[in-house]
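Here is what each chain is made of, one letter per residue.
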Amino acid sequence: NAGVMQNPRHLVRRRGQEARLRCSPMKGHSHVYWYRQLPEEGLKFMVYLQKENIIDESGMPKERFSAEFPKEGPSILRIQQVVRGDSAAYFCASSPDSSNQPQHFGDGTRLSIL
Amino acid sequence: SQQGEEDPQALSIQEGENATMNCSYKTSINNLQWYRQNSGRGLVHLILIRSNEREKHSGRLRVTLDTSKKSSSLLITASRAADTASYFCATRHNAGNMLTFGGGTRLMVKP
């Protein structure tokens, strides 16, 4: 069973460019979560999605950030017009349902803004 | 803020010793989970303890939960150099599905 797959592992962008981060959940998992981690800190929740639905985006900045989890294909976290402060590790997690199940994490995408 | 807090922030021990990490949180929870993160990698799930449970074991790991004090502890017995990592507690609150993470404890086990 493949785990949560994220790509790319590393992404370098210049200020003003767009960043697209992809996440394929574990097989059988229909719930996807995105978190952001700054160096030496814990993870901060951004957004929670199910297929074709955003369930909770309370942790995601209102501007420049968007997320989707289409019927087919991976979940995408999109950051438009990136700024230096967007530099962080972005982790995706998935779970099979909304009950008392652990979330399984990918290895993250490390985004660096030049 | 619902941010949990771990202590200590950093812990250095000798191989074979036990390591204890503590976590506190602020609001009522559905469950509490402990994760390990090796440098540059994602989080690996260790143990999930539900709000109606008080203690749970998994191999060399022992987790306790005291909901009256809003705290949890993770004990790693007979530590190994391979246990060197950052350990995070994360709480799932009744109001949502997301996890709220603490700042982590950085454990170093010296061979």
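Residues numbered from 1 in each chain as written. Chains lettered and ligands numbered in written order. Predicted model: local features only at pLDDT ≥ 70, side-chain atom pairs only at ≥ 80, totals over all residues. Heavy atoms only, no water.

**Student:** Help me get a handle on the overall build of chain B, residues and values and all.
**Tutor:** In terms of helices and strands, chain B carries zero helices and eleven strands. Ordering the α and β elements of chain B from the N terminus gives β-β-β-β-β-β-β-β-β-β-β. Taking 13 Å as the expected radius of gyration for a compact globule of 111 residues, we find that chain B reaches 13 Å, a close match to that expectation. Looking at the 111 residues of chain B, the share that counts as buried comes to 47%. When contacts within chain B are restricted to residue pairs at least 6 apart in sequence, long-range pairs at least 24 apart make up 55% of them. Of the accessible surface of chain B, which amounts to about 5,100 Å², a share of 46% is contributed by carbon and sulfur atoms. Between the mean site of the 14 positive side-chain charges and the mean site of the 9 negative ones, chain B shows a separation of 6 Å. (Helix = DSSP H or I, 4+ residues; strand = E, 2+ residues; numbered from the N terminus. Rg over C-alpha atoms; globule rule 2.2 N^0.38 Å. Buried < 20%, exposed > 50% of the residue type's maximum accessible area, 1.4 Å probe, protein only. Contact = heavy atoms within 4.5 Å. Areas by Shrake-Rupley, 256 points an atom, 1.4 Å probe, with all protein chains shown as cover. Lys, Arg positive; Asp, Glu negative; His and termini not counted. Charge placed at Lys NZ, Arg CZ, Asp CG, Glu CD.)

**Student:** Let's hear about the sheet that holds strand β7 (residues 65-68) of chain A: which residues, and what values?
**Tutor:** Picture the strands of a sheet paired through backbone hydrogen bonds; they go either parallel or antiparallel. Residue and element names in this part refer to chain A. The sheet built from four strands is open, its strands ordered β1-β3-β8-β7 with antiparallel pairing. Taken across any chain shown, the strands that pair with only one partner, and hence form the sheet edges, are β1 (5-7) and β7. Sheet twist, expressed as the mean angle between neighbouring strand axes with direction ignored, is 15 degrees. Where β7 lies against strand β8 (residues 75-79), four bridges are found, and the strand directions are antiparallel. (Pairing = 2+ DSSP bridges. Axes fitted to C-alpha atoms, helices over the stretch in contact; angles between N-to-C directions.)

**Student:** Tell me about the pairing of strand β8 (residues 71-76) of chain B, residues and numbers included.
**Tutor:** Residues and elements named next belong to chain B. Summarising burial for β8: five of the six residues are buried, a large majority. In the sheet, strand β7 (residues 61-66) pairs with β8 via six bridges, with the strands oriented antiparallel. Bridge assignment links Thr64 to a residue of β8, and that residue is Ser73. Linking β7 to β8, which pair antiparallel, is a turn of four residues; within it Lys70 sits at a positive phi near 50 degrees.

**Student:** Give a description of the state of the cysteines that names residues and reports values.
**Tutor:** Residue and element names in this part refer to chain A. Enumeration over the complete set of coordinates arrives at two disulfides over all chains. Residue pairing for Cys23: its cysteine sulfur links by disulfide to Cys92, the two sulfurs lying 1.8 Å apart. The sign of the S-S torsion, about -55 degrees, decides the handedness of the disulfide formed by Cys23 and Cys92: left-handed. Of the two residues, Cys23 is situated in strand β3 (residues 19-24) and Cys92 in strand β9 (residues 88-95); the sequence distance between them amounts to 69 residues. Of the two residues examined, Cys23 and Cys92, each falls in the buried class. (Disulfide = S-S within 2.5 Å.)

**Student:** Can you break down the pattern of salt bridges residue by residue, with the values?
**Tutor:** Summed over the entire model, instances satisfying the criterion amount to eight salt bridges over all chains. In this structure, Asp86(A) engages Arg64(A) in a salt bridge whose closest nitrogen and oxygen atoms are separated by 2.8 Å. Here Asp86(A), found in the loop between β8 and β9, pairs with Arg64(A), found in the loop between β6 (53-56) and β7; they are 22 residues apart in sequence, far enough to count as distant. Residue classification places Arg64(A) among the partly exposed residues on the basis of a relative accessible area of 26%. For Glu55(B), the salt bridge is made with Arg62(B), and the minimal N-O distance between the two is 3.1 Å. One salt-bridge network, in which partners are shared between bridges, spans Glu18(A), Arg20(A) and Arg78(A). (Salt bridge = Lys/Arg side-chain N within 4 Å of Asp/Glu carboxyl O.)

**Student:** Lay out the nonpolar core with the relevant residues and their values.
**Tutor:** Nonpolar side chains tend toward joint burial in soluble globular proteins. Judged by nonpolar contacts, the single largest core of 23 residues is most densely connected at Trp34(A), Met46(A), Leu77(A) and Tyr90(A). Mapped by element, the contributors of at least two residues to this core are β3, β4 (31-37), β5 (43-50), β7, β8, β9 and β11 (109-113) of chain A. (Core = buried A, V, L, I, M, F, W, Y, C linked by side-chain atoms within 4.5 Å.)

**Student:** Lay out the layout of surface pockets in plain terms, naming residues and giving numbers.
**Tutor:** Here the largest pocket defines a volume of roughly 410 Å³. Mapped onto the lining of the largest pocket, the elements with two or more residues apiece are β9 and β11 of chain A together with β9 (85-93) of chain B. (1 Å grid on protein atoms, 1.4 Å probe; cavity = no way out; pocket = protein on both sides within 12 Å on 5 of 7 lines; lining within 4 Å. Points joined across faces, edges and corners; volume = space filled by probe spheres on them.)

**Student:** An account of the interface of chain B and chain A is needed here, citing residue identities and associated values.
**Tutor:** At the junction of the two partners, chain B supplies 22 residues and chain A supplies 26 residues. Here chain B meets chain A over a buried area of about 1,800 Å², counting both sides, of which 46% is carbon and sulfur. Taken as a group, Leu43(B), Asn97(B) and Met98(B) account for 28% of the area that chain B buries against chain A, more than any other trio of residues on that side. A salt bridge links Arg41(B) to Asp107(A), with the shortest nitrogen-to-oxygen separation between them at 2.9 Å. (Buried area = accessible area lost by both parts, 1.4 Å probe.)

**Student:** Report on the sheet that holds strand β3 (residues 19-24) of chain B, specifying residues and quantitative values.
**Tutor:** All names here are of chain B. One open sheet accounts for five strands, arranged β1-β3-β8-β7-β6; its pairing is antiparallel. Each of the sheet's edge strands pairs with one partner strand only, and the pair in question is β1 (5-7) and β6 (55-58). Neighbour-to-neighbour, the strand axes of this sheet turn through a mean angle of 15 degrees, independent of strand direction. Bridge count between β3 and β8: six bridges; the pairing is antiparallel. Across the sheet, Asn22 pairs through a bridge with Ser73, a residue of β8.

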